[in-house]
Amino acid sequence: MESAIDAQTLDYHTARALLEWQVELGATEAILDAPFDRYEAPKEAPKMAQSASAPAEHDTPPVAAPTIDPVVEAQSAAKAVKTLEELEAAMAAFEHCELKRGARKLVFSDGNPAARVMIIGEAPGREEDRAGKPFVGRAGQLLDRMFAALDMGREAAQSRDAIYITNVLPWRPPQNREPEAREIAMLLPFLERHVEIVAPDVIVLMGNIACQAAFGKRGITRLRGQWQEAFGKPVLPMFHPAYLLRQPQAKREAWADLLSLKAKLGELS
Ligand code: URA
């Protein structure tokens, strides 16, 4: 909105009176004419200029607007939920991730929540964004074939044969770009709660982004096939099926990892 008042000549008392008037009208938030990227803003708050028109000491000091930390918001939203339905609703109501605005659907999960194996992928792609389900595109079809080779699948009714699938991010990044570290950190509390509620015996981490969420580091070529612990569970990093589509020669390692998964499930049962 164009302002009729010249901001350069506005003195402190007029500005304050105008602000109080806005508050009386019901304004609860100060917004700018143009979008402002707070992630790009300098960490340190700018110093207030000392000028002749600065308020006298007895005037009310300016009140700093409370800053919202999306990670803290996600932590408290995730902590408050007890069921998968509540978790999905809490994620759908989470407004601090820009990805939500560019995505068609929230992609929460697929498969049997009673499964012994939980699979964590990266983020929805175009097909998943349309369907609202994880791993339904070409990579997802390969994932289904990989687990079918172990007589396991997302449709299986028995927890022994079932898989449960989710992603680090529930919204598709624009143009399928790589998730950013701050997006992963912001949505991690929901993923942690997701694992707690599903309580699988083991987790398969598909690719680098799942490893970053679980261990805070990437390096799938070195990490794959090595059982570790994360989210309080045994976890097995594997090559992402999308990588296997590009590098079919890596399917040999993927098969070895699937056999290792089968052996682990046998040990734990
Ligand atoms: N890749 C992923 O990591 N997740 C999906 O849901 C689809 C493709």
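Residues numbered from 1 in each chain as written. Predicted model: local features only at pLDDT ≥ 70, side-chain atom pairs only at ≥ 80, totals over all residues. Heavy atoms only, no water.

Caption draft 1: Highlighting unusual backbone geometry. Of note in this structure, Asn176 is not a glycine but carries a positive phi near 55 degrees. By the element assignment, Asn176 lies in the loop between β3 (163-167) and α7 (181-198). Since its relative accessible area comes to 44%, Asn176 is described here as partly exposed. Despite not being glycine, Phe231 has its phi angle at roughly 55 degrees, a positive value. On the accessibility criterion, Phe231 (21% relative accessible area) is partly exposed. (Helix = DSSP H or I, 4+ residues; strand = E, 2+ residues; numbered from the N terminus. Buried < 20%, exposed > 50% of the residue type's maximum accessible area, 1.4 Å probe, protein only.)

Caption draft 2: The arrangement of the nonpolar core in detail. Counting 64 residues, the largest nonpolar core has Val117, Ile119, Met146, Phe147, Val168, Phe190 and Leu261 as the members making the most contacts within it. The contacts of Phe147, once residues within four sequence positions are left out, are Ile119, Met152, Ile163, Met206, Leu258 and Leu261. (Core = buried A, V, L, I, M, F, W, Y, C linked by side-chain atoms within 4.5 Å. Contact = heavy atoms within 4.5 Å.)

Caption draft 3: Region of the structure containing the pattern of salt bridges. Evaluated as defined, the whole model comprises 14 salt bridges. Of the charged contacts, one joins Arg116 and Asp201 as a salt bridge, the two residues approaching to 2.6 Å between their closest N and O atoms. Here Arg116 is found in the loop between β1 (110-111) and β2 (117-121), whereas its partner Asp201 is found in the loop between α7 and β4 (202-206), with 85 residues between them in sequence. Overall, Asp201 belongs to the partly exposed group, its relative accessible area being 31%. Linking Asp257 and Arg224 is a salt bridge whose minimum nitrogen-to-oxygen distance equals 2.8 Å. (Salt bridge = Lys/Arg side-chain N within 4 Å of Asp/Glu carboxyl O.)

Caption draft 4: Layout of the side chain of Glu183. Tracing the backbone shows Glu183 in helix α7. Note on Glu183: relative accessible area 3%, which makes it buried. For Glu183, the residues in contact, after removing those within four places along its chain, are Leu99, Leu169 and Arg177.

Caption draft 5: Broad picture of the pairing of β4. Along β4, five of the five residues are buried, which leaves the element largely enclosed by surrounding structure. In β4, alternate side chains face the same way, and those of Val202, Val204 and Met206 on one face and Ile203 and Leu205 on the other are all buried. Looking at chain direction, β2 and β4 are connected through four bridges and run parallel. When the sheet's bridge partners are listed, Val117 is paired in β4 with Val202. Pairing of β4 with strand β6 (residues 233-238) involves four bridges; the strand directions are parallel. (Pairing = 2+ DSSP bridges.)

Caption draft 6: Up close: the sheet that holds β3. Strand order in the open sheet made by the six strands is β1-β3-β2-β4-β6-β5, with mixed pairing throughout. The sheet is open, and its two edges are formed by β1 and β5 (228-230), each paired on a single side. Here helix α8 (residues 208-215) sits on the sheet in contact with β2, β4, β5 and β6, set at roughly 130 degrees to β4. (Axes fitted to C-alpha atoms, helices over the stretch in contact; angles between N-to-C directions.)

Caption draft 7: Representation of the packing of helix α6 (residues 138-148) against helix α11 (residues 251-268). Contact pair α6 / α11: the axes reach a minimum separation of 10 Å and the direction vectors enclose 50 degrees. The angle between α6 and α11 falls in the class oblique. Once α6 is placed against α11, the crossing between them reads as right-handed. Contacts between α6 and α11 involve Leu142, Met146 and Phe147 from the first element and Lys251, Ala254, Leu258 and Leu261 from the second. (Parallel < 35°, antiparallel > 145°, perpendicular 65-115°, else oblique. Left-handed = near helix turned anticlockwise from the far one by under 90°.)

Caption draft 8: Summary view of the packing of aromatic side chains. Going through the model one piece at a time under the given rule, you end up with two aromatic pairs. A ring pair is formed by Phe94 and Phe190, whose centres lie 5.2 Å apart and whose planes are at 75 degrees; its orientation type is edge-to-face. Of the two residues, Phe94 is situated in the loop between α3 (84-92) and α4 (99-102) and Phe190 in helix α7; the sequence distance between them amounts to 96 residues. For Phe190, a relative accessible area of 1% corresponds to the buried category. Ring plane angle 35 degrees and centroid distance 4.8 Å describe the contact between Phe239 and Tyr243, whose orientation is recorded as tilted. A residue is classified by how much of its surface remains accessible, and Phe239, at 5% relative accessible area, is buried. (Phe/Tyr/Trp six-rings, centres within 6.5 Å; stacked < 30°, edge-to-face > 60°.)

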